[in-house]
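Each chain, letter by letter, is given below.
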Amino acid sequence: MSDTSYVRTEMLEQREPPASTVGVIGWARANLFSSALNSVLTLVALGFVAYILSALIPWTFQSVWNAESLSECREIMIATWGSTHGHACWAVINDRWLQMLYGFYPSHLYWRVNLALVLTLAALAPVLFSEKSPRQMIYLTLAYPFIMPWLMWGGSIWNPISAAVGFAIVFFGTRHLTAMTGSLIAIIASVIAALLWWMAISAPVVAGLSSVIPIGIETVQSREFGGFMLALLLGIVAIGVSLPIGILLALGRQSDLMIVKAICVGFIEFIRGVPLITLLFVASLLLNVFLPPGTNFDIILRVMIMMTLFSAAYMAEVIRGGLAALPKGQYEGADSLGLNYWQAQRLIIMPQALKISIPGIVSTFIGIFKDTTLVSIIGLLDVIGFSTAIRADANWNGIYWELFAFIAVLFFVVCFSMSRYSMYLERKLQTGHKR
Amino acid sequence: MNKSVFLGAMAFAGLAAGVASAGTLDDVKSRGTLNCGVTTGVVGFSAPNAEGVWEGFDVDVCRAVAAAVLGDSTAVEFVPTTPKTRFTALSAGEIDMLSRVTTWTLSRDADLKFTFVGVNYYDGQGFMVPKELGVSSAKELDGATVCIQTGTTTELNLADFFRTNNISYEPVPIETVAEAQQQYLAGACDVFTTDASQLASTRATFETPADHVILSDIISKEPLGPTVRHGDDEWADVVRWSYNTMVAAEELGITSANVGTMSASATDNPEINRLLGHEGNMGEMLGLDPQWAARILSAVGNYGESFERNLGGQSAIGLARGLNALWTEGGLQYSPPVR
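What counts as what
Residues numbered from 1 in each chain as written. Chains lettered and ligands numbered in written order. Predicted model: local features only at pLDDT ≥ 70, side-chain atom pairs only at ≥ 80, totals over all residues. Heavy atoms only, no water. UniProt positions renumbered as here; feature names shortened; annotations may be inferred. Helix = DSSP H or I, 4+ residues; strand = E, 2+ residues; numbered from the N terminus. Rg over C-alpha atoms; globule rule 2.2 N^0.38 Å. Buried < 20%, exposed > 50% of the residue type's maximum accessible area, 1.4 Å probe, protein only. Contact = heavy atoms within 4.5 Å. Areas by Shrake-Rupley, 256 points an atom, 1.4 Å probe, with all protein chains shown as cover. Lys, Arg positive; Asp, Glu negative; His and termini not counted. Charge placed at Lys NZ, Arg CZ, Asp CG, Glu CD. Disulfide = S-S within 2.5 Å. Pairing = 2+ DSSP bridges. Axes fitted to C-alpha atoms, helices over the stretch in contact; angles between N-to-C directions. Salt bridge = Lys/Arg side-chain N within 4 Å of Asp/Glu carboxyl O. Buried area = accessible area lost by both parts, 1.4 Å probe.

In UniProt, chain B has this text filed under Sequence similarities (unreviewed entry): "Belongs to the bacterial solute-binding protein 3 family."

In the Sequence similarities (unreviewed entry) part of its UniProt record, chain A is described as follows: "Belongs to the binding-protein-dependent transport system permease family. HisMQ subfamily."

The structure is reproduced here in structure tokens:
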């Protein structure tokens with residue numbers, strides 16, 4: 001027996017992995033050039049990207065920022081680069097960006113729009129990031145639906161207060177009457193009381209209060225709304241209002257009450273069977289013919305109602321998908337705990353159904369936000385409408401891509417943020433269905 | 001029961017509103033603003049400037065009416081309308097008048113029930129082609145692809161023209177002039193056809209205007225003018241004479257510069273005196289005050305001034321007066337006598 005051993009007794013020093021499998025090279029080999037076909041595809045794709053960028057980057061950055069008109073832009077381009085091709089004329093954005101953002105809104109009141117936007121974000125915080133924001137902020141969220149329209153349209157402060165009083169009547173009426181009369185009668189009675197307040201009593205009360213204590217801010221007409229602000233306003237209202245309506249419609253569609261179910265199904269199927277642009281034409285043209293002449297039914301309000309109804313119908317179906325995905329055991333479990341219908345929905349069903357539907361809900365949101373640009377077809381000057389109006393200025397006639405690039409950036413920022421938020425929310429609410 | 005109450009209320013409201021809107025003139029006065037329908041943007045005719053103030057040849061007509069009726073040429077709510085929404089907006093009462101490059105036709109007058117109060121621009125449909133095509137007459141356009149705006153009279157004129165000349169074409173439907181411009185420059189169509197004024201303003205924006213020719217054939221009559229609803233002749237008179245004032249003033253040599261001195265004291269010319277309220281009671285007959293015409297002229301100037309500022313030599317478009325010169329200078333602009 002010799003001492004020669006065929007078994008290594010000490011460990012070898014750990015060595016660096018081969019240079020070709022780590023770092024940039026390793027990553028590229030694994031992901032881009034793992035086979036002949038992949039290598040070819042990678043090269044073709046890289047060539048394509050390079051081709052696009054080689055045109056896009058000079059166009060974007062070798063550009064004119066200060067000029068009074070398109071022809072002046074072209075003169076500057078000729079003087080600087082010797083040709084007008086492949087150079088953007090951002091001067092039009094420089095000249096008109098405020099108009100594209102705010103429309104005809106009076107420039108000394110821009111702060112009100114900005115404040116409304118900040119308030120929107122602040123009011124959303126308790127909803128979107130509930131664990132990271134102080135609890136008291138929920139009061140701001142509750143007050144927001146009254147403050148925002150007041151900031152945007154202006155007028156007497158008593159208008160939003162009287163609108164809020166109506167909701168207070170419903171809330172406290174339901175709460176205090178339930179013990180005496182039972183819940184259904186309490187709800188009906190307080191809704192009727194609130195309607196009476198809104199329809200009949202509030203107008204003289206507001207007029208009286210405004211004459212005694214005239215607190216108010218300058219009124220802005222709906223016609224002065226426009227630009228990207230209009231898209232945001234329509235989008236926020238449609239998104240904010242359609243979610244609760246959509247939940248109710250989805251529950252109504254699953255309800256055992258025949259009439260409720262028939263109404264909900266009829267509404268959803270009718271709205272989903274009609275293109276949005278048709279509804280907008282109804283809002284802008286047909287209603288005009290049916291309503292008595294001289295009726296002042298605000299066009300923006302009409303459009304808001306139509307967009308909200310449209311998005312609510314789609315929302316209802318998305319949420320119904322979430323409800324259908326819940327196992328029946330969840331409903332039975334809620335029943336066995338002795339919860340009534342609304343408690344079961346609030347505590348057991350909806351939290352799970354909504355969580356499942358998040359991607360669908362957010363893509364409906366993004367869809368309806370982008371659909372707001374359709375209002376340019378009925379003559380409202382939103383940001384797309386303004387691009388036409390700006391081209392109708394003899395100075396900027398003939399300019400095209402720069403305006404649409406600007407609009408695309410605006411929409412991309414908002415839609416991309418929404419989509420990232422939905423991914424964050426999905427991660428946060430993940431409770432172990434997947435690892 | 002509820003439904004019948006609701007319908008009853010609606011009917012009553014309709015009745016009440018019907019009574020209330022018997023006179024557009026009184027409505028406008030009590031409202032304090034004129035609702036004037038304009039385009040969503042047509043070069044030279046109506047467009048908002050960088051400050052958001054509407055400017056243009058059609059806009060001036062709105063401002064003239066507001067100056068006459070309300071004494072303030074800025075008291076106008078401009079309502080942007082598209083080719084599809086313009087007529088409903090007018091007949092439903094959303095706007096008091098439409099001043100929006102709208103062609104006066106029999107069917108619009110009789111069937112849609114509008115009153116065209118005059119013609120503020122005599123236009124005609126023309127063709128623009130690239131010079132390299134070597135076309136000199138529209139009749140040589142057999143088999144051409146044509147960019148054409150849908151929902152307008154130009155679409156119908158084009159079909160008529162090609163049918164009567166027994167030649168064929170392929171339409172490329174487009175929505176706006178701006179879109180047509182892009183399609184035409186990108187070569188999607190050989191020919192772009194629309195009103196000659198728009199062709200000229202479009203060509204002025206091209207990088208090399210000399211490479212494109214506007215053919216001399218004008219295939220249609222496009223009398224563009226301000227419009228009101230049927231059934232309110234007093235209001236139609238106010239709009240008609242507000243516009244006629246601008247034409248008459250050019251004929252009489254009244255401009256925005258000299259209207260101040262002329263309206264301060266009577267002149268030797270009885271026609272000027274009647275127009276500016278020194279003689280007769282022209283304003284009263286229209287339901288206005290004697291200074292109505294003077295306010296129009298100091299606000300927007302006479303017809304020629306408005307033309308030069310928005311469409312003619314002082315603008316980037318540089319259109320010649322052509323048919324729109326005064327009748328004394330070989331054109332068609334002619335105001336009935338103010339008497």
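Read on for the rest.
Caption draft 1: Geometry of the overall build of chain B. In terms of regular secondary structure, chain B is built from 14 helices and 14 strands. A compact globule built from 339 residues should have a C-alpha radius of gyration of about 20 Å, and chain B, at 22 Å, falls within 12% of that. Along the first, second and third principal axes, the C-alpha atoms of chain B reach 70 × 60 × 40 Å. A buried classification covers 54% of the 339 residues belonging to chain B. Considering only intrachain contacts with a sequence separation of at least 6, the fraction spanning at least 24 residues in chain B is 69%. Of the roughly 14300 Å² of accessible surface on chain B, a fraction of 54% belongs to carbon and sulfur atoms. Computed over 21 positive and 41 negative side-chain charges, the separation of the two mean positions in chain B equals 4 Å.

Caption draft 2: Spatial organisation of the state of the cysteines. Following the criterion strictly, the structure yields 3 disulfides over all chains and no others. Bridging C73(A) to C89(A), the disulfide has an S-S length of 1.9 Å. Across the S-S bond of C73(A) and C89(A) the torsion is about 85 degrees, and the bridge reads as right-handed. In this pair, C73(A) is assigned in helix 3 (residues 70–81) and C89(A) in the loop between helix 3 and helix 4 (91–102), connecting sequence segments 16 residues apart. Its relative accessible area of 0% is what places C73(A) among the buried residues. Of the residues examined, C89(A) reaches a relative accessible area of 2% and is grouped as buried. Linked covalently through their sulfurs, C36(B) and C62(B) form a disulfide whose S-S length is 2.0 Å. Taking the sign of the S-S torsion, -55 degrees for the link of C36(B) and C62(B), the bridge is left-handed. Remark: C62(B) occurs in helix 3 (residues 57–70) and C36(B) occurs in strand 1 (residues 34–39); sequence separation between them is 26 residues. Per residue, the accessibility class of C36(B) equals that of C62(B), and both read buried. Shown here for chain B is a disulfide pattern of 1-2, 3-4, where each number marks a bonded cysteine counted in sequence order.

Caption draft 3: Quick peek at the UniProt feature "domain: Solute-binding protein family 3/N-terminal" (unreviewed entry) in chain B. With numbering aligned to this structure, UniProt lists the feature "domain: Solute-binding protein family 3/N-terminal" (unreviewed entry) at residues 33–262 of chain B. End-to-end, the C-alpha atoms of residues 33–262 of chain B are 28 Å apart, and along that stretch the chain is 34% helix and 24% strand.

Caption draft 4: Examining the sheet that holds strand 11 (residues 191–195) of chain B more closely. Residue and element names in this part refer to chain B. Ordered by their spatial adjacency, 5 strands build an open sheet running 10-9-11-8-12, and the pairing between neighbours is mixed. Taken across any chain shown, the strands that pair with only one partner, and hence form the sheet edges, are strand 10 (169–174) and strand 12 (212–214). The sheet shows a mean angle of 25 degrees between the axes of neighbouring strands, taken without regard to direction. Where strand 9 (residues 144–149) meets strand 11, 2 bridges bridge the pair, whose relative direction is parallel. Residue pairing for strand 11: V146 is matched across the bridge by V191. Here helix 8 (residues 196–204) sits on the sheet in contact with strand 8 (125–130), strand 11 and strand 12, set at roughly 125 degrees to strand 11.

Caption draft 5: Representation of the environment of Y110(A). Residue and element names in this part refer to chain A. As for its placement among the helices and strands, Y110 is situated in helix 5 (residues 110–128). Of the residues examined, Y110 reaches a relative accessible area of 14% and is grouped as buried. Between the C-alpha atoms of Y110 and G208, which are 98 residues apart in sequence, the distance is 30 Å. Those residues in contact with Y110, other than ones at most four positions away along the chain, are L98, Y102, G103 and Y105.

Caption draft 6: Up close: the pattern of salt bridges. Tallied over the full model, the rule gives 13 salt bridges over all chains. A salt bridge links E269(A) to R253(A), with the nearest nitrogen and oxygen atoms 3.0 Å apart. Pair noted here: E269(A) is in helix 10 (residues 258–272) and R253(A) is in helix 9 (residues 227–253), with a separation of 16 residues, a long-range link. Between E250(B) and R321(B) there is a salt bridge, and its shortest N-O distance comes to 3.0 Å. One end of the pair, E250(B), is in helix 9 (residues 233–252); the other, R321(B), is in the segment after helix 14 (303–310), with 71 residues separating them in the sequence. The structure contains a network of salt bridges with shared partners spanning R253(A), E269(A), R272(A), E317(A) and R320(A).

Caption draft 7: How the structure looks around the interface of chain A and chain B. In this complex, chain A contributes 33 residues to the contact, which on the side of chain B involves 36 residues. Regarding the contact of chain A and chain B, the summed buried area is about 2800 Å², with carbon and sulfur atoms giving 59% of it. Contact with chain B buries surface across chain A, with R223(A), A392(A) and N397(A) losing the most and accounting together for 20% of the total. Linking chain A with chain B are 1 salt bridge, by the criterion used here. Across the pair R223(A) and E77(B) runs a salt bridge whose closest N-O atoms are separated by 3.9 Å.

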